[in-house]
Amino acid sequence: MCSLCVLYYCCRLLHRCLLFLTFILICFNEIIIYHVNRCSWQQIGCKVGNCTRILLIADPQLLGLTYSKTLYSGLARFDADRYLRQTFKQALAFTKPHIICFLGDLMDEGNVASPEEFKSYVKRFQQIYRTDDDPRFKLFSPYYQRVHIPGDNDIGGENGEYISNLNVHRFEEAFTQEDIFDYGENHLRFFKINRMLLDFTNPDRSNNAKHLRIGLSHAPILIGGGPLLRAILKELDPHIIFSGHWHESRIFTHPDTKVVNFYEPGVRQFDLKAIKEQQHSYLEIMVPTASYRMGKTKMGIGYAVLENHNLSYTVLWLPNRFIFLLIYLFWLLFAASMLLVFRMMTRCPFRTGKRNMHYNYLSNDTSPESQHMESK
């Protein structure tokens, strides 16, 4: 009986240990890792105190309902949305931005969505990228300023795809009511560039020279060439362009067409006035994707600080979610194996113990009936 009790308590202890370790693993993967990852980000200080902090989010591409209809597609959408929400929340608290720029492809299937599906995607996007539900951030008066750039997955246009007026109208109706063009405090002027439609905003052309000019585009501009590039350089003459689309982190200069991969965790400094007036060049920074579902091992959120004509830029690199999903898979296999092995180890002793107990009971039976049988 003692050996059976020991095995029973060992079995209970194993179950409790596995449950406890599973709880610790979930807490680490779903909460702690985002705080730990935040410790690797580079903070950018302001020397003068009147700098402008800009958060740049490219290609979140909220998963849709059309392309993926597997058994786990609902779980995939939930996990991808939660990843975007958690990383944005950390970036928001870390940078306390004055302006948030979304560089297109906000949705993965916006261009093919039905009206009902599009509304549901917009609602999910607004729930993920909320900036008005935390009282701490209401202290920043310009904090609610946002710019939304349409991408090819939002309205169409990739590889010559037809762009319907309906797609353009519903995107503008859902997002552009929050858009800004001037940030008057530091004389910044933002221009929305739509490479798919070969169009850009320029509402106050006569006063462009008074502002530091920032172009925002989904697809890269400086390496594309063509009439759109010539028109942008002539009419907007931007100091800096931010783009996305390729899901990579790169820095372009024009006209020397120099391309530099930017994957280090440090901060890059740029003198925008010297680049334009002394080097006679144009600068473009490509922001990597913020979603782990795009097949990239490096995901990040761009963080730029403008102080007069000085630009400081870094990427807030995000944790690779697939690694932690694989950890879940390995832990599930390990826990199942442990339970199976323990069950196999204890199954035979239990049965042997029961047979021995039954045999001992019969052999020690001293009832009159048994004694009578033995005397015969």
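Keep in mind the model is a prediction, meaning the values are calculated, not measured.

Calculation notes
Residues numbered from 1 in each chain as written. Predicted model: local features only at pLDDT ≥ 70, side-chain atom pairs only at ≥ 80, totals over all residues. Heavy atoms only, no water. Axes fitted to C-alpha atoms, helices over the stretch in contact; angles between N-to-C directions. Helix = DSSP H or I, 4+ residues; strand = E, 2+ residues; numbered from the N terminus. Parallel < 35°, antiparallel > 145°, perpendicular 65-115°, else oblique. Left-handed = near helix turned anticlockwise from the far one by under 90°. Contact = heavy atoms within 4.5 Å. Nonpolar A, V, L, I, M, F, W, Y, C, P; charged D, E, K, R; others polar. Buried < 20%, exposed > 50% of the residue type's maximum accessible area, 1.4 Å probe, protein only. Pairing = 2+ DSSP bridges. Right-handed = clockwise from strand over helix to strand, strands pointing away.

Undergrad: Even after reading the chapter, I still don't get the packing of helix α3 (residues 115-128) against helix α5 (residues 165-175), so can you show me in this structure?
TA: Two numbers describe a pair of packed helices, the interaxial angle and the distance between the axes. Where α3 contacts α5, the two axes come as close as 11 Å, and the packing angle between them is 30°. Compared by their axis directions, α3 and α5 come out roughly parallel. Crossing geometry of α3 relative to α5 is assigned as right-handed. Facing α3, whose interface residues are P115, F118, V122, F125 and Q126, α5 presents R170, F171, A174 and F175. Residue composition of the contact of α3 with α5, by class: seven nonpolar, one polar and one charged.

Undergrad: Which parts of the structure should I look at to understand the pairing of strand β1 (residues 52-57)?
TA: The side chains of a regular strand alternate between both faces of the sheet. With six of its six residues buried, β1 lies for the most part within the structure. Both faces of β1 are covered, namely the face carrying T52, I54 and L56 and the face carrying R53, L55 and I57. Of the pairings in the sheet, the one linking β1 to strand β13 (residues 300-307) comprises five bridges and is antiparallel in character. Its bridge partner being in β13, L55 is matched across the sheet by Y303. Note: β1 against strand β2 (residues 99-102), four bridges, orientation parallel. Note that in β2 the partner of I54 across the bridge is I99. Handedness of the β-α-β unit built from β1, helix α2 (residues 73-95) and β2 comes out right-handed.

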